[in-house]
Amino acid sequence: MSVRVLLLLLFFTTLLNAKCCKNFSNITLESGLERNRLSGFINIKDDDRERFDFRKDLNLKKTKNALAALLFKNTQKHSFSFKVNHYKYQGSNKLTQNIVSNSLYNATAKMVKNELDLKWAKGSYRYRYTQNLSIGADLHGLRLHTLVEGKEYKKALLLPAVGVDYNFDLADDLKVVTKTTGTFTPKNRYFSQYLGLSFDLGLSNCTALNVGYQYKNLYLDTDKYKSDLKFSGLYAGIAMRF
């Protein structure tokens, strides 16, 4: 059974027992859907072309909704969380020059397949500095597979980052939530921002609807290619204590 399936089963089990919220612990499960638009480029270092734009040149379009699963553990001053995402985009384009890939000759104007498949896991720690402000660190684990005009590239890496979360109440059942994360590494780096609202759904204060807009920028510089991946779009999720 995959982690995603297990988290979803816990989510729906919690939903059915929402009336018992007063007995729930400080563990929170959140399941959400991300509607991200991909932009940016990839620069193949051994190719005569300077770079490929993900949308204009490779025609990459989303084929898999990014279902996010999050698990939180909170104490009075500390919080820990784990999140998994899967992004997948596919497309095709006509060759503008002759290429040889896997010993096969591909002529100009031939249609070729392109793909970007990114599996992303993140572990986070936050220390509650004030009632509204939390600071801490993240560790991102990524596995990226790209297929560019018949050439396949794979990359797996770990990226440490720092994070700052800030929230404040607009009303008893409505909260503004902001999250900023970034790395300091020069070659492979990451930056993200999130701005959203959290609505208490009234089920004994154990269930919340989280909606917002997020932006993620992942820049990679490897021995074979450089890539600048930008994901931006809406997020909506349900969070519950159990």
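Model, not experiment: these values are computed from the prediction.

Chemist: Quick question: what am I supposed to make of the overall build of the protein here?
Modeler: Helices and strands together make up the secondary structure of the protein, namely 1 helix and 14 strands. Taking all 242 residues of the protein together, the buried fraction comes to 43%. Put simply, of all contacts in the protein between residues at least 6 apart along the chain, 57% involve residues at least 24 apart. A total of about 13300 Å² of accessible surface is found on the protein, and carbon and sulfur atoms cover 56% of it.

Chemist: Sorry, what's going on with the side chain of S134 here?
Modeler: Take S134: it is sitting in strand β9 (residues 133-148). Aside from chain neighbours lying at most four places away, what touches S134 is R126, Y127, R128, Y129, G163, V164 and D165.

Chemist: I would appreciate a short explanation of the packing of aromatic side chains in the present structure.
Modeler: Centre-to-centre distance and the angle between the planes together describe a pair of aromatic rings. For the coordinates displayed, the defined rule picks out 8 aromatic pairs. Ring geometry for Y153 and Y225: centres 5.8 Å apart, planes at 65°, overall edge-to-face. One end of the pair, Y153, is in strand β10 (residues 151-171); the other, Y225, is in strand β14 (residues 225-241), with 72 residues separating them in the sequence. Among the residues examined, Y153 registers a relative accessible area of 7% and is labelled buried. Plain terms: the ring middles of Y166 and F168 are 6.1 Å apart, the flat faces sit at 45° to each other, and that makes the pair tilted. Under the relative-accessibility criterion, Y166 is labelled partly exposed at 37%. The exposure class of F168 is partly exposed, given its relative accessible area of 31%. Among the aromatic residues, those joined into a ring-pair cluster are Y87, Y89, W120, Y190 and F231. Over the ring of Y219 we find R189; its NZ or CZ atom is 4.2 Å from the centre of that ring.

Chemist: Help me understand the confidence of the model for the protein, please; the structure alone is not making it clear to me.
Modeler: Detailed reading of the predicted coordinates is not advisable wherever pLDDT is low. Looking at the protein as a whole, the pLDDT averages 82, with 79% of positions reaching at least 70. Per-element confidence in the protein ranges from a low mean pLDDT of 43 for strand β7 (residues 104-106) to a high of 96 for strand β11 (residues 174-182). Here residues 13-20 is modelled with pLDDT under 50, and outside its nearest four sequence neighbours on either side it reaches 8 contacts, counting other chains as well. Taken as a whole, residues 98-107 scores under 50 in pLDDT and shows 17 contacts with residues more than four places along the chain or in a different chain.

Chemist: Hey, could you run me through the nonpolar core in this one?
Modeler: In summary, soluble globular proteins display a tendency toward joint burial of nonpolar side chains. Core analysis: the biggest nonpolar cluster contains 24 residues, and I42, F54, L116, L118, W120, L218 and F231 have the highest contact counts within it. Taken together, the elements giving at least two residues each to this core come down to β1 (27-44), β5 (78-94), β8 (111-128), β9, β10, β13 (207-221) and β14. If sequence neighbours within four positions are ignored, F54 has contacts with L38, S39, G40, F41, I42, N59, L60, L116, D228 and L229. Grouped together as the second largest cluster of nonpolar side chains are 6 residues, L70, V177, Y194 and Y235 included.

Chemist: Looking at this model, I keep getting lost on the pairing of strand β12 (residues 189-200). Mind explaining?
Modeler: One ladder, built from 9 bridges, connects β11 with β12; its direction is antiparallel. The residue bridging K175 from the neighbouring strand is S198, located in β12. From the end of β11 to the start of β12, which pair antiparallel, there are 6 residues.

Chemist: What's the story with the environment of A68 in this structure? I'm lost.
Modeler: By secondary structure assignment, the location of A68 is in strand β4 (residues 66-74). Under the relative-accessibility criterion, A68 is labelled buried at 0%. Setting aside residues up to four positions removed in sequence, A68 forms contacts with E30, S31, G32, E34, K83, V84, N85 and Y235.

About the criteria used
Residues numbered from 1 in each chain as written. Predicted model: local features only at pLDDT ≥ 70, side-chain atom pairs only at ≥ 80, totals over all residues. Heavy atoms only, no water. Helix = DSSP H or I, 4+ residues; strand = E, 2+ residues; numbered from the N terminus. Buried < 20%, exposed > 50% of the residue type's maximum accessible area, 1.4 Å probe, protein only. Contact = heavy atoms within 4.5 Å. Areas by Shrake-Rupley, 256 points an atom, 1.4 Å probe, with all protein chains shown as cover. Phe/Tyr/Trp six-rings, centres within 6.5 Å; stacked < 30°, edge-to-face > 60°. Lys NZ or Arg CZ within 6 Å of the ring centre and 35° of its normal. pLDDT = per-residue confidence, 0-100. Core = buried A, V, L, I, M, F, W, Y, C linked by side-chain atoms within 4.5 Å. Pairing = 2+ DSSP bridges.

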